[in-house]
Amino acid sequence: MISLPIPLFGIPLKGINNPILVAFSEFDVNVTKDGKMKLPEKFYDLFEEATGFKCNISLAFDKHVPYSSSYIYLSDLYFRRSVKECEIPISEEEIQDTLLMIDDALFDSELIRALRYAFKVGVPVLYRDEEEPIRLSLPNFTSTYLFSYPIDLSSVRYIDNSLVHLIGMIPLDFVETRDLNLLYVENGLWESLYGIPFVTRKDWKLIWDLNYVTAIEVRGA
């Protein structure tokens with residue numbers, strides 16, 4: 001089992017800086033040399049450009065997990081394996097700074113920044129770009145990857161100020177109330193805003209996954 005950061009709450013809206021609640025979930029996966037989930041090829045080019053070193057290490061997950069969470073975990077692991085196996089002289093601070101630069105070069109996404117911060121500090125966080133993240137005390141749970149759908153952030157069916165406010169309040173409300181019904185409320189909003197074909201089940205959750213929305217089965221929340 002590997003613990004990965006996931007955006008448990010937070011629906012993207014183009015041009016809106018709403019909060020993202022990052023929690024940690026255990027997935028039944030293993031790191032292998034070749035598998036289903038890999039780092040993007042551009043990552044290795046940016047790594048060499050940023051560090052001046054090339055390290056022939058292959059990392060992947062043997063099963064599907066949310067792509068953004070996979071990227072965060074494997075990119076961090078790649079740096080640490082490179083330092084050890086290829087004797088690259090780089091400090092912990094330099095690792096984190098370089099990862100941030102590569103993240104922004106590849107994605108420039110508040111989602112990746114939120115996941116990276118949570119993974120760095122090792123605890124759940126409430127994150128909003130350009131604000132100090134709030135560290136949270138939430139238990140880990142167990143998840144299974146189900147499926148993913150592509151989304152176009154410019155193709156929201158309908159949005160107004162009240163919906164923007166509601167979407168931004170759900171992560172905050174969960175921090176205060178820990179009401180699991182909010183999981184299902186946000187699922188409904190995903191379906192309404194982006195037309196995600198989704199069968200509502202008590203233990204399923206839709207989460208933001210860069211250019212996709214990914215469904216996971218949640219247990220022990």
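Residues numbered from 1 in each chain as written. Predicted model: local features only at pLDDT ≥ 70, side-chain atom pairs only at ≥ 80, totals over all residues. Heavy atoms only, no water.

Tell me about the environment of L193, and name the residues and values.
Position of L193 relative to the elements: it lies in helix α6 (residues 181–194). Taking relative accessible area as the criterion, L193 reaches 2% and is therefore assigned buried. Counting along the chain gives 66 residues from L193 to Y127, while the straight-line C-alpha distance between them is 22 Å. Apart from residues lying up to four places away in sequence, L193 is in contact with I11, L13, S155, V156, R157, Y158, I159, L163 and I167. (Helix = DSSP H or I, 4+ residues; strand = E, 2+ residues; numbered from the N terminus. Buried < 20%, exposed > 50% of the residue type's maximum accessible area, 1.4 Å probe, protein only. Contact = heavy atoms within 4.5 Å.)

Please give an account of α6 that cites residues and values.
Spanning 14 residues, α6 covers 20 Å between terminal C-alpha atoms, matching the ideal 20 Å at 1.5 Å per step. Of the residues making up α6, those classed as buried are L182, L183, E186, N187, L189, W190, L193 and Y194. Here the buried residues of α6 occupy an arc of 160° about the axis, which is enough to place them on one side. In this structure, the buried side of α6 is in contact with β1 (2–9), α5 (161–177), β9 (204–209) and β10 (212–219). Directly beyond the C-terminal end of α6, a positive phi value near 65° is found at G195. (Expected span 1.5 Å × (residues − 1). Arc of directions from axis to C-beta.)

Tell me what's going on with α5, and back it up with residues and numbers.
With 17 residues, α5 ought to run about 24 Å at 1.5 Å a step, and its terminal C-alpha atoms sit 23 Å apart, in line with that. Considering bend angle alone, the principal kink of α5 is centred on M169 and spans about 30°; proline P171 follows within four residues of it. Those residues of α5 lying buried are L163, V164, I167, G168, I170, P171 and F174. Of the surrounding elements, those touching the buried residues of α5 are β1, β2 (20–27), β6 (125–127) and α6. One or two residues past the end of α5 sits R178, with phi positive at roughly 55°. (Bend = angle between axes of the 7 residues up to and from the residue.)

Mind laying out the packing of aromatic side chains, listing which residues take part and the relevant values?
All told, the structure shown has 14 aromatic pairs when counted by the stated rule. Ring geometry for F43 and F79: centres 6.4 Å apart, planes at 75°, overall edge-to-face. Of this pair, F43 sits in helix α1 (residues 41–51) while F79 is found in helix α2 (residues 67–85), placing the two residues 36 residues apart along the sequence. For the pair shown, F43 and F79 are each scored as buried. In this structure an aromatic cluster arises from ring pairing among F43, Y44, F47, Y71, Y78, F79 and F107. Just above the ring of F9 sits the side chain of K205; from NZ or CZ to the centre is 5.4 Å. (Phe/Tyr/Trp six-rings, centres within 6.5 Å; stacked < 30°, edge-to-face > 60°. Lys NZ or Arg CZ within 6 Å of the ring centre and 35° of its normal.)

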